[in-house]
2 protein chains.
Amino acid sequence: MSEYVKVAVDAMGGDNAPREVVKGAVEAVNESDKVKVYLVGLKEAVEKELSAYTYPKAQIEVVPASEIIETAEPPVIAIRKKKDSSIVKALNLVKDGTCDAYVSAGSTGATLVGGQVIVGRIKGVERPPLAPLIPTATGCSLLIDCGANVDARPSHLVQFAKMGSIYMENVMGIKSPKVGIVNIGAEEEKGNALVKETFPLLKNCPDINFIGSVEARDIPAGAADVIVCEAFVGNVILKTYEGVGATLISKVKEGMMTSFRSKIGALLVKPALKQTLKAFDLEQYGGAPMLGLKGLVVKTHGSSKSIEIKNSILQCITFTEQQISEKIRQMLASE
Amino acid sequence: MSEYVKVAVDAMGGDNAPREVVKGAVEAVNESDKVKVYLVGLKEAVEKELSAYTYPKAQIEVVPASEIIETAEPPVIAIRKKKDSSIVKALNLVKDGTCDAYVSAGSTGATLVGGQVIVGRIKGVERPPLAPLIPTATGCSLLIDCGANVDARPSHLVQFAKMGSIYMENVMGIKSPKVGIVNIGAEEEKGNALVKETFPLLKNCPDINFIGSVEARDIPAGAADVIVCEAFVGNVILKTYEGVGATLISKVKEGMMTSFRSKIGALLVKPALKQTLKAFDLEQYGGAPMLGLKGLVVKTHGSSKSIEIKNSILQCITFTEQQISEKIRQMLASE
């Protein structure tokens, strides 16, 4: 089968590597016969984990890499020096065309830097954004950009809006996705210098369904499908989401444990509650794609368990089948 | 008693004015004999509401104002044209020394603009920030700045840190409050241009207890007492807090209503849950002070009920007794 979607997976990345990464890869190939996983990492350690499972052998290949980039390492230096690291070798598999996509739960910095310098940008892309899906009351929205390059220019944000629209339409199946720019009020004249300059550009952009400003308060309710902002603001939104969610849920648990009566109640509501709160869990969506590169680069949470690794690998199938990178290339070429 | 703390209250401001505002004022004077409230607004409407209550007559005075500034009005023009509005008249009571403080649930823009042009800045204050208290797992933190003036300079942020520290130490009673700057990573070299420039200035500032960068994820856990950021970012944090909180709580309620079993459980956990979630309610802290002005200006939520109006009035007592404006003046004079 030469039609496999081929995914290079950093087997050594994340808090639970290689165990959960290998497990996730096995789960992915057991679930789909469309994907082949290249597990990149310390050969012996990866093969030892693999030996515990049953899976179609043709769909997993181990690619040896002797080094590991730690999350604390300065990414630019790490990428340059550790040529035999799992991250660099996995990215090179995308660069040389062996693989279509890359997945890592390891160093965000190294993945973002490596994505740009090894895989490379699509011609015309000014800055490749990192765009996680965040849960909302009605489904999910793409928060674009949450990457490491802050102080963006208006033209960057316009490209984010376009690339995000392509992603939501083709990968998530949302027709004519609503695009909003994060602002501190609904009126066009509000905002900081960047938002004020970007607003009219988005308004006059024919390729997207721009709905105007979105206040952060309305994001969790599902106000827009594509939430455009520069990376500092995106990072703050993403992490406030995580922090408020975690604190609030621990408060709910604490509240349920305050009395005998509430403890009995907690036992009764727990299954139902678990189900609804799962729909609001940031981690269920697998990884965040880095858009605008010649291949797909996906960053998943450092704390990923096998299910997120599996979901991240499987999302590469739709992305590749839908030819997102090609669609981005065409969009930029037609400008 | 000439030692009353005198508070000018915009009786016409907010979604529930004048009813809830008048009720809150009555509750405040019934709770404390240290405060006198000047209710500024349409005389007949305010007096009609007042007539329903019993309270110490010496502690409430009605000040007639014939106009109302709506929230949708451009603030600069509204402040200039509507000289007989409740907002302008109430701010003038602070300016002319009749009152020590001002409270409004009305137009944020008009309050922020009016605070600066009518009450006026303390000499040396470059920009007066709006600084709400936000709930955390361990208490509350001051988020400074959430105002309308975006694109701040490093020197503004340093003043925010100092004024915020004075507030938290003297009004909230937190000794040597921890000051953090909102950033997208813990390392000193991370951040946007503003944060990178501000970081060393805060680090070398002898008047504050600077603990370095704070990631938005750690704010709800109570990572710092004074959270310094420019207004766009502050606004995004505040509103993401509100939005995620509201959506998550509605999800919890939805989860509890999914089955017969969970509905029974919900009845049992409800009282305990209400108690813990109340501690995480943004609205319990009354209003957000605008710091650095010659008098105290407090903005409360547009949706304020009497309890928030009351709390906002009562917080003016501590602020005035602790001579916060005087302490800010001294701090700036000693530089």
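Within each chain, residues carry numbers counting from 1 in the order of the written sequence. Labels are handed out in written order, letters beginning with A for the chains and numbers beginning with 1 for the ligands. In keeping with the model being predicted, local features are shown solely for residues with a pLDDT of at least 70 and side-chain atom pairs are shown and tallied solely at 80 or more, while totals for entire chains, interfaces and linings include all residues. For side-chain calculations, the full set of non-hydrogen atoms in the structure is used, while hydrogens and water are omitted.

Visitor: Describe the state of the cysteines, with residues and values.
Guide: Residues and elements named next belong to chain B. Note on terminology: disulfide denotes any pair of cysteine sulfur atoms within 2.5 Å. Tallied over the entire structure, the rule returns 0 disulfides over all chains. Not part of a disulfide, Cys205 finds its nearest cysteine sulfur in Cys229, a span of 17 Å. Each residue is placed in one exposure class: buried if its accessible area under a 1.4 Å probe, protein chains only, is under 20% of its type's maximum, exposed if it is over 50%, and partly exposed if it falls in between. Owing to a relative accessible area of 9%, Cys205 belongs among the buried residues under this scheme. Sulfur of Cys316: no disulfide; nearest cysteine sulfur belongs to Cys99 and is 9.9 Å away.

Visitor: Can you explain the sheet that holds strand β7 (residues 178-183) of chain B? Please cite residues and give values.
Guide: Residue and element names in this part refer to chain B. The strand order across the open sheet formed by 5 strands is β5-β6-β9-β7-β8, and the pairing between neighbours is mixed. Either end of the sheet is taken by a strand with one partner, and the two such strands are β5 (133-136) and β8 (209-215). On average, adjacent strands in this sheet sit at an angle of 30 degrees to one another, irrespective of strand direction. Where β7 meets β8, 6 bridges bridge the pair, whose relative direction is parallel. Strands were regarded as paired on the criterion that DSSP finds at least two bridges between them. Note on conventions: DSSP H or I runs of at least 4 residues are helices, E runs of at least 2 residues are strands, and numbering of each starts at the N terminus. Note on definitions: angles span 0 to 180 degrees between N-to-C directions of axes, and those axes are lines fitted to C-alpha atoms, for helices only across the stretch in contact.

Visitor: Requested: an account of the confidence of the model for chain A, with residues and values cited.
Guide: Residue-level pLDDT values for chain A average 92, and 98% of them are 70 or greater. In the model output, the complex is listed with pTM 0.90 alongside ipTM 0.88. Confidence scores here are pLDDT values: one per residue, from the predictor, ranging 0 to 100.

Visitor: So what's going on with the packing of helix α6 (residues 154-170) of chain A against helix α11 (residues 324-333) of chain A? Residues and values would help.
Guide: Residue and element names in this part refer to chain A. One can describe the packing of α6 onto α11 by two numbers: an axis separation of 10 Å at closest approach and a directional angle of 140 degrees. With respect to each other, α6 and α11 are oriented oblique. The handedness of the crossing between α6 and α11 is right-handed. Contact residues: Gln159, Lys162, Met163, Ile166 and Asn170 in α6; Ile324, Lys327, Ile328, Met331 and Leu332 in α11. Under the scheme applied here, ten amino acids are nonpolar (Ala, Val, Leu, Ile, Met, Phe, Trp, Tyr, Cys and Pro), four are charged (Asp, Glu, Lys and Arg), and all others, including Gly, are polar. Within the contact of α6 with α11, the residues separate by chemical class into 6 nonpolar, 2 polar and 2 charged. Each angle gets one of four labels, with under 35 degrees taken as roughly parallel, over 145 as roughly antiparallel, 65 to 115 as roughly perpendicular, and the rest as oblique. Note on convention: the crossing is left-handed when the near helix lies turned anticlockwise from the far helix by less than a right angle, right-handed when the turn is clockwise. Between two residues, a contact is recorded if the distance between any of their heavy atoms is within 4.5 Å.

Visitor: Please give an account of the interface of chain B and chain A that cites residues and values.
Guide: Counting residues at the interface gives 50 residues for chain B, matched by 50 residues for chain A. Here the quantity called buried area is the total loss of accessible area, with a 1.4 Å probe, experienced by two parts when brought into contact, counted for both. Summing both sides of the interface, chain B and chain A together bury roughly 4600 Å²; the carbon and sulfur share of this comes to 75%. The largest per-residue losses of area from chain B upon contact with chain A belong to B:Ile184, B:Phe232 and B:Leu248, which jointly make up 14% of the total buried on that side. Salt bridges are defined as contacts in which a side-chain nitrogen from Lys or Arg sits within 4 Å of a carboxyl oxygen from Asp or Glu. Run the count over chain B and chain A and you get 4 salt bridges. Taking the shortest distance from any N to any O, the salt bridge between B:Glu215 and A:Lys239 comes out at 2.3 Å. Any pair of nitrogen or oxygen atoms within 3.5 Å is treated as a polar contact; in protein, a donor-acceptor pairing is required on top of that, and neighbouring residues in sequence qualify only through side-chain atoms on both sides. Linking chain B with chain A are 12 residue pairs in polar contact (both at pLDDT 80 or more), by the criterion used here. Elements represented by at least two residues in the side of chain B that touches chain A include exactly β7, α7 (193-203), α8 (231-256) and α9 (260-278) of chain B. Counting residues per element, the side of chain B that touches chain A draws most heavily on α8(B), at 20 residues. A class-by-class count of the residues in the side of chain B that touches chain A yields 29 nonpolar, 13 polar and 8 charged.

Visitor: Go over the relation of the copies chain B and chain A with me, naming the residues and quoting the values.
Guide: What sets the superposition is a least-squares fit of C-alpha atoms, and only residues with pLDDT of at least 70 in both copies go into it. For these two chains of identical sequence, chain B goes onto chain A by a turn of 180 degrees and a shift of 0.0 Å along the axis, with RMSD 0.0 Å. On the angle and the small slide along the axis, the relation comes out as a two-fold axis. Taking C-alpha positions as reference, the residue of chain B nearest the rotation axis is B:Gly265, located at 1.9 Å. When the interface residues of chain B are mapped onto chain A, 100% of them are again interface residues, pointing to one common binding face.

Visitor: Describe the environment of B:Lys178, listing the residues and the values that go with them.
Guide: Residues and elements named next belong to chain B. The residue Lys178 is located in strand β7 in this model. Residue Lys178 is classed as partly exposed on the basis of its relative accessible area of 33%. Each C-alpha atom of the pair Lys178 and Asp145 lies 16 Å from the other, and the pair is 33 residues apart in sequence. Residues in contact with Lys178, not counting those within four places in the same chain, are Asn209, Ile211, Gly222, Ala223, Ala224, Asp225 and Val226.

Visitor: Break down the sheet that holds strand β1 (residues 5-10) of chain A for me, with residues and values.
Guide: Residues and elements named next belong to chain A. The strand order β3-β2-β1-β4-β11-β10 describes an open sheet built from 6 strands, whose pairing is mixed. The outermost strands of the open sheet, each flanked by one partner alone, are β3 (60-64) and β10 (288-290). Strand-to-strand twist in this sheet, taken as the mean axis angle between neighbours without regard to direction, amounts to 25 degrees. Looking at chain direction, strand β4 (residues 101-104) and strand β11 (residues 296-299) are connected through 4 bridges and run parallel. Following the sheet pairing, Ala101 is matched in β11 by Leu296. Strands in contact with helix α1 (residues 19-31) are β1, β2 (35-41) and β3; relative to β2, the strand with the most contacts, it is inclined by about 165 degrees. Strand contacts of helix α5 (residues 108-119): β4, β10 and β11, with the helix running at about 175 degrees to β11, the strand carrying the most contacts.

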